[in-house]
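So the chains spell out like this:
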Amino acid sequence: MTNPPKPDARRNASPYLYGQEAAAVARVLEAGQYGHSSVTEEFEHRIADFLGVPDAVAVASGTAALHAALLAAGVGPGNEVIVPSMTFCATVQAILAVGATVRFVDIDPATMCVNDRLVMEAVSDTTAAVVPVLFGGRAVDLTPVQGELDERGVVVIEDAAHAFGSRNGARRVGATGALTCFSFGPIKNLTCGQGGMVIPRTPAEADTIRRLRLLGVAQSQSERANTTTYRVDSFGLRYQLSGINAAIGLAQLDRFATTEDTRRSLWRTYREALAPLDGVTLVDVDVDHTVPHLCQVRLPHRDQVFAELRARGIGVGVHYPPNHLQPAFAAWRRTLPATEQAGVEILSLPFHQHLTETDIEHVASALGTALHIGQRLP
Ligand SMILES: *Cc1c(COP(=O)(O)O)cnc(C)c1O
């Protein structure tokens, strides 16, 4: 019999605060910088410096980042966008928000990501963009087919919601020339509470997103103070990142070196703890290049094992039920064998920075027990 789980293994994911965040928020509140402010701009500069890129545009969420990036890339009605079904539903909703149609593609089962072959097989004359999802934090390298995609007018928009800090070769994700979208939601590698960031390819793209996120209103707040009107000169939404959220992100960025080390080390601890378990395959994240977002396994009798672990208070999850099987996306359904198989085999183990080695050993031991029980059940 295994010990009762410690509280931290009860959660599948959880933000990790370093203790500086609350003071940073208090300073912003005292200064009255609730909305878009110089704090937001400082966060943009610091993220751009961290990645080694000229510019970064902060927005309200990862979903907003994807929506804004698609709009800035000129994707709209009549266009088709290639996207893996194996992603969070936000990726798909952002594509539908611009009026484009969705072309779901399968994944490479070893990486849980698309690859250049899967993408090129799906490209057609109506394809305007491909949205690779950097699943679990792992980079997707489409550079071998970049020339072909450019020739066909297909824009690459990376959903890097899982992948802040990861590397594609020597460069950080976001610094490889693609239009890249990050999420800084509560459970992502770096959190603002809620937030997102677009890494634009050009100054024009950055400018479009900066107008879009402030409702298309042309003048800044200070310019507006001395006039009786304001000018709306483009489409826009309320997509800015508040100073409150940016302050949390800045405090998190100060400690990101620790975040990287901790997440890699926790993933490696899991790798060792799971190695003796027969029938459990750890999904490889290329941990030397990746800041892991998930610790995911594949196993038989997944639903029984899931129920058994939940009953023991272990916070397992499933990332993700395939999108092409969701009722809202039925119009774009097609057969995707690798995704469908993953959909019934994958299990996400508790993975967050509150975990200790003891928690991980406990999870592995409970998983071993649950597997035996799962095999005996129908
Ligand atoms: C979290 C997430 C998003 C959306 O980001 P939000 O900040 O929650 O809007 C998009 N894609 C993937 C793969 C995600 O995990």
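Nothing here was measured: the structure is a model prediction, and the numbers come from that model. (Residues numbered from 1 in each chain as written. Predicted model: local features only at pLDDT ≥ 70, side-chain atom pairs only at ≥ 80, totals over all residues. Heavy atoms only, no water.)

**Some words on the side chain of Thr180**
Right, on to step 1. For Thr180, the position within the fold is in strand E8 (residues 179-183).
Right, on to step 2. For Thr180, a relative accessible area of 0% translates into the label buried.
Right, on to step 3. Only 2.7 Å separates the side chain of Thr180 from the side chain of Glu158, close enough to count as a polar contact.
Right, on to step 4. Beyond its immediate chain neighbours, meaning those up to four positions away, Thr180 contacts Glu158, Ala160, Val173, Gly174, Met197, Val198 and Ile199. (Helix = DSSP H or I, 4+ residues; strand = E, 2+ residues; numbered from the N terminus. Buried < 20%, exposed > 50% of the residue type's maximum accessible area, 1.4 Å probe, protein only. Polar contact = N/O pair within 3.5 Å; in protein donor to acceptor, adjacent residues only side chain to side chain. Contact = heavy atoms within 4.5 Å.)

**What to know about the sheet that holds strand E12 (residues 346-349)**
Right, on to step 1. With antiparallel pairing, 3 strands are arranged side by side in an open sheet as E10-E11-E12. Each edge of the sheet is formed by a strand with only one pairing partner; in this case those strands are strand E10 (281-282) and E12.
Right, on to step 2. Sheet analysis places strand E11 (residues 295-298) next to E12, joined by 4 bridges and oriented antiparallel. Residue pairing in the sheet places Cys295 in a bridge with Leu349 of E12. (Pairing = 2+ DSSP bridges.)

**Remarks on the pattern of salt bridges**
Right, on to step 1. Counting across every chain of the model gives 18 salt bridges.
Right, on to step 2. A salt bridge links Arg211 to Asp207; its shortest N-O distance comes to 3.2 Å. Remark: Asp207 and Arg211 occur in helix H7 (residues 203-212); sequence separation between them is 4 residues, near one turn of the helix.
Right, on to step 3. Arg211 gets classed as partly exposed once you look at its relative accessible area, which sits at 33%.
Right, on to step 4. For Asp207, a relative accessible area of 38% puts it in the partly exposed group.
Right, on to step 5. Taking the shortest distance from any N to any O, the salt bridge between Arg264 and Glu260 comes out at 3.4 Å. With Arg264 and Glu260 both in helix H10 (residues 256-274), this residue pair falls 4 residues apart, about one helical turn. For the pair Arg264 and Glu260, a shared accessibility class is recorded, and that class is buried. (Salt bridge = Lys/Arg side-chain N within 4 Å of Asp/Glu carboxyl O.)

**Describing the packing of helix H2 (residues 38-51) against helix H9 (residues 243-254)**
Right, on to step 1. Where H2 contacts H9, the axes come no closer than 8 Å and their chain directions differ by 30°. The angle between H2 and H9 places the two elements in the roughly parallel class. For the crossing formed where H2 meets H9, the hand is left-handed. Facing H2, whose interface residues are Val39, Thr40, Glu42, Phe43, Arg46, Ile47 and Phe50, H9 presents Gly243, Ala246, Ala247, Gly249, Leu250, Leu253 and Asp254.
Right, on to step 2. Here the residues of the contact of H2 with H9 sort into 8 nonpolar, 3 polar and 3 charged. (Axes fitted to C-alpha atoms, helices over the stretch in contact; angles between N-to-C directions. Parallel < 35°, antiparallel > 145°, perpendicular 65-115°, else oblique. Left-handed = near helix turned anticlockwise from the far one by under 90°. Nonpolar A, V, L, I, M, F, W, Y, C, P; charged D, E, K, R; others polar.)

**Some points on the UniProt feature "active site" (unreviewed entry) in the chain**
Right, on to step 1. In this numbering, the UniProt entry assigns the feature "active site" (unreviewed entry) to Lys188.
Right, on to step 2. Here Lys188 is to be found in the loop between E8 and strand E9 (196-199).
Right, on to step 3. Leaving out residues up to four positions away in the same chain, Lys188 has contacts with Ala161, Ser183 and His293.
Right, on to step 4. Engagement of the side chain of Lys188 in a polar contact is seen with the side chain of Ser183, the distance being 3.5 Å. (UniProt positions renumbered as here; feature names shortened; annotations may be inferred.)

**A short note on the nonpolar core**
Burial of nonpolar side chains together is a common tendency in soluble globular proteins.
Right, on to step 1. Counting residues in hydrophobic clusters, the biggest one holds 56 residues, and the most contacted among them are Phe43, Ile47, Leu149, Phe164, Phe182, Phe184 and Met197.
Right, on to step 2. For this core, the elements supplying multiple residues, two or more each, are helix H1 (21-30), H2, helix H5 (116-122), E9, H9 and helix H12 (337-345).
Right, on to step 3. Split by domain, this core shows at least three residues from each of two domains, domain 1 (21-254) and domain 2 (256-376).
Right, on to step 4. Residues contacting Phe164, with those up to four places away along its chain left out, are Ile47, Phe50, Leu51, Phe182, Phe184, Asn189, Leu190, Leu253, Phe256 and Val291.
Right, on to step 5. Residues Val59, Val75, Val131 and Leu179 belong to the second largest nonpolar core, which totals 33 residues. (Core = buried A, V, L, I, M, F, W, Y, C linked by side-chain atoms within 4.5 Å. Domains from an automatic or database assignment.)

**Section: the UniProt feature "modified residue: N6-(pyridoxal phosphate)lysine" (unreviewed entry) in the chain**
Right, on to step 1. In the numbering adopted here, UniProt assigns the feature "modified residue: N6-(pyridoxal phosphate)lysine" (unreviewed entry) to Lys188.
Right, on to step 2. Given the relative accessible area of 17%, Lys188 is considered buried.

**Quick look at the packing of aromatic side chains**
Right, on to step 1. Inspection of the entire model under this criterion finds 12 aromatic pairs.
Right, on to step 2. Taking 6.5 Å as the distance between ring centres and 55° as the angle between the ring planes, the aromatic pair formed by Phe104 and Phe329 counts as tilted. Placement of the pair is Phe104 in strand E3 (residues 101-105) and Phe329 in the loop between helix H11 (302-311) and H12, with a sequence separation of 225 residues.
Right, on to step 3. Classification of Phe104 as buried rests on a relative accessible area of 0%.
Right, on to step 4. When the ring of Phe135 is compared with that of Tyr320, the centres are 6.0 Å apart and the planes differ by 85°; the resulting orientation is edge-to-face. Of the two residues, Phe135 is situated in the loop between strand E4 (127-130) and helix H6 (146-151) and Tyr320 in the loop between H11 and H12; the sequence distance between them amounts to 185 residues. Each member of the pair, Phe135 as well as Tyr320, is classed as buried.
Right, on to step 5. Members of the aromatic cluster, joined through ring pairs, are Phe43, Phe50, Phe164, Phe182, Phe184 and Phe256. (Phe/Tyr/Trp six-rings, centres within 6.5 Å; stacked < 30°, edge-to-face > 60°.)

**Structural notes on the environment of Arg211**
Right, on to step 1. The spacing of Arg211 and Val232 is 21 residues in sequence and 9.5 Å in space, taken between C-alpha atoms.
Right, on to step 2. Beyond its immediate chain neighbours, meaning those up to four positions away, Arg211 contacts Gly216, Val217, Asp233 and Ser234.

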